[in-house]
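Commentary on secondary and tertiary structure
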Amino acid sequence: MRRRFLATATLTLGAWILSTAAVYGQAAAPAQPQWKSQEEYDLVQAIYKDTNAATRLVKLDDWKKKFAETDFASNRRLLYMGTYLEANKLPEFFTAADEVVAAEPNNFQALTAMAVNIYRTNPPSPSQLDSVTKGCSHVVNNTDAVFPGDKVPQGVQPAAWEQTKSQTKLLCQNTLGWAAMMQKDHVKAEEEFEKALKLEGKNAQITYWLATSVIAQKDIKKYPKALYHLARAANY
C-alpha cells in the first residue's frame, strides 16, 4: 500500500510541478519579467509544449546555455526539477530540488517533492539524506511560512491548501524519523517518530519504525517500550 501511494504521489507531483512552473515561477521572478529576445521566448514555448522528458531536458540545457541570465530563472529551476522527476533521474532531481530551495527556501513544491521521493532512493546518499532532513525540518518548524494562508496558489481551494499543509507537515515529520533511521541515529529516530505519532497516533508504519529504532539501541530497559509499539503496530 505504501509503495502504491508513493508511486502515485510521485507521478502526480511531477505533473503538478511541471503544470504550475509558469505560475509559481513568475510569482517569484522580478517585477515585469522580460524575455531577452524572441529566440528565448520561442525556446521556452517549445519546452512547455514538449511532452517527452528526455527531449525536454535537451531543450532546457539549450535554454540554460544560450540564456544563462534570464528573468525566468525560477521557472527554469522548477522545470528542471519536474522533468528530472518525470524522467526518473533521482540523483539529478535532488540536485535540482536543492537549487530550488537554495533560491526559494519556502518553495513548497521542492520541499514536498524531496520528502516524497527520498523513499524511492535505494539506498539514499548522505547528501540526499542531509537535504531532506534540512528541508523537512524547515517545513515542520515553519509550516505557516511554507504554506501561507494568504498565498494560496491559483486554482487551489483554501480547504485543499490547508489539507496539503497538514499532510505535508506529517509527511516531513515521518521523514525526519526515517532519515535518522537510515543514518543509524536510532535515538534521534525514536524522538522524531514519537513526534510523528503525536500528529497521527494510529499509524502502523511509524509505530513499527519506532519499535525497531528502540530495539536497535540495544538498551534492555527500553525493550518493554519496543514490545508495546510492536503490539500496537500489529493491531492497526
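Please refer to the structure placed before this passage.
The structure reproduced in this document is the subject of the present report. (Residues numbered from 1 in each chain as written. Predicted model: local features only at pLDDT ≥ 70, side-chain atom pairs only at ≥ 80, totals over all residues. Heavy atoms only, no water.)

Side note on the overall build of the protein
Looking only at helices and strands, the protein has twelve helices and zero strands in total. When the 236 residues of the protein are sorted by exposure, 44% land in the buried category. In the protein, 61% of the contacts between residues at least 6 apart in sequence involve partners at least 24 apart. Accessible surface computed for the protein: about 12,600 Å², of which carbon and sulfur atoms make up 55%. (Helix = DSSP H or I, 4+ residues; strand = E, 2+ residues; numbered from the N terminus. Buried < 20%, exposed > 50% of the residue type's maximum accessible area, 1.4 Å probe, protein only. Contact = heavy atoms within 4.5 Å. Areas by Shrake-Rupley, 256 points an atom, 1.4 Å probe, with all protein chains shown as cover.)

What to know about a nonpolar patch on the surface
On the surface, Ile 215, Ile 220 and Tyr 223 cluster together into a nonpolar patch covering about 280 Å² of accessible area. Considering the arrangement of structural elements, one finds Tyr 223 in helix α12 (residues 223-235). For Tyr 223, a relative accessible area of 32% gives the class partly exposed. (Patch = residues over 30% accessible without salt bridge, like charges linked within 9 Å, V, L, I, M, F, W, Y side chains within 5 Å. Salt bridge = Lys/Arg side-chain N within 4 Å of Asp/Glu carboxyl O.)

Thoughts on the pattern of salt bridges
Inspection of the entire model under this criterion finds eleven salt bridges. Linking Glu 192 and Lys 188 is a salt bridge whose minimum nitrogen-to-oxygen distance equals 2.9 Å. Of this pair, Glu 192 and Lys 188 both sit in helix α10 (residues 186-199), separated by four residues, roughly a single helical turn. Lys 188 gets classed as partly exposed once you look at its relative accessible area, which sits at 35%.

Here's the deal with the environment of Thr 121
Note on placement: Thr 121 falls in the loop between α6 (108-117) and α7 (126-141). Between the C-alpha atom of Thr 121 and that of Pro 91, which follows or precedes it by 30 residues, the distance is 8.7 Å. Setting aside anything within four residues of it in sequence, one finds Thr 121 in contact with Leu 90, Phe 94 and Gln 128. In this structure the side chain of Thr 121 is engaged in a polar contact, spanning 2.5 Å, whose partner is the backbone oxygen of Ile 118. (Polar contact = N/O pair within 3.5 Å; in protein donor to acceptor, adjacent residues only side chain to side chain.)

Regarding unusual backbone geometry
Residues Asn 122 and Pro 123 are joined by a peptide bond in cis, for which omega reads -5 degrees. Position of Pro 123 relative to the elements: it lies in the loop between α6 and α7. Notably, Lys 218 is not glycine yet its phi reads approximately 55 degrees, a positive angle. Mapped onto the elements of the fold, Lys 218 is located in the loop between α11 (204-216) and α12. Note on Lys 218: relative accessible area 69%, which makes it exposed.

Some points on the environment of Lys 59
The residue Lys 59 is located in helix α3 (residues 53-66) in this model. With eleven residues separating them in the primary sequence, Lys 59 and Tyr 48 have C-alpha atoms 9.9 Å apart.

Remarks on helix α5 (residues 90-103)
Between its first and last C-alpha, α5 extends 20 Å over 14 residues, near the 20 Å set by a 1.5 Å rise per residue. Looking at α5, one finds that the buried residues are Leu 90, Phe 93, Phe 94, Ala 96, Ala 97, Val 100 and Val 101. Down the axis of α5, the buried set is contained in an arc of 165 degrees. They therefore lie on one face. Along α5, exposed side chains directed more than 90 degrees from the buried face belong to Pro 91 and Ala 102. Against α4 (73-86), α6 and α7 lie the buried residues of α5. (Expected span 1.5 Å × (residues − 1). Arc of directions from axis to C-beta.)

Re the nonpolar core
Counting residues in each nonpolar core, the largest one holds 54 residues, and the members touching the most others are Trp 63, Met 81 and Phe 93. The element best represented in this core is helix α9 (residues 158-182), accounting for eight residues. The residues touching Trp 63, leaving out its near neighbours within four places in the chain, are Glu 40, Leu 43, Val 44, Ile 47, Ala 68, Thr 70, Phe 72, Arg 76 and Leu 79. (Core = buried A, V, L, I, M, F, W, Y, C linked by side-chain atoms within 4.5 Å.)

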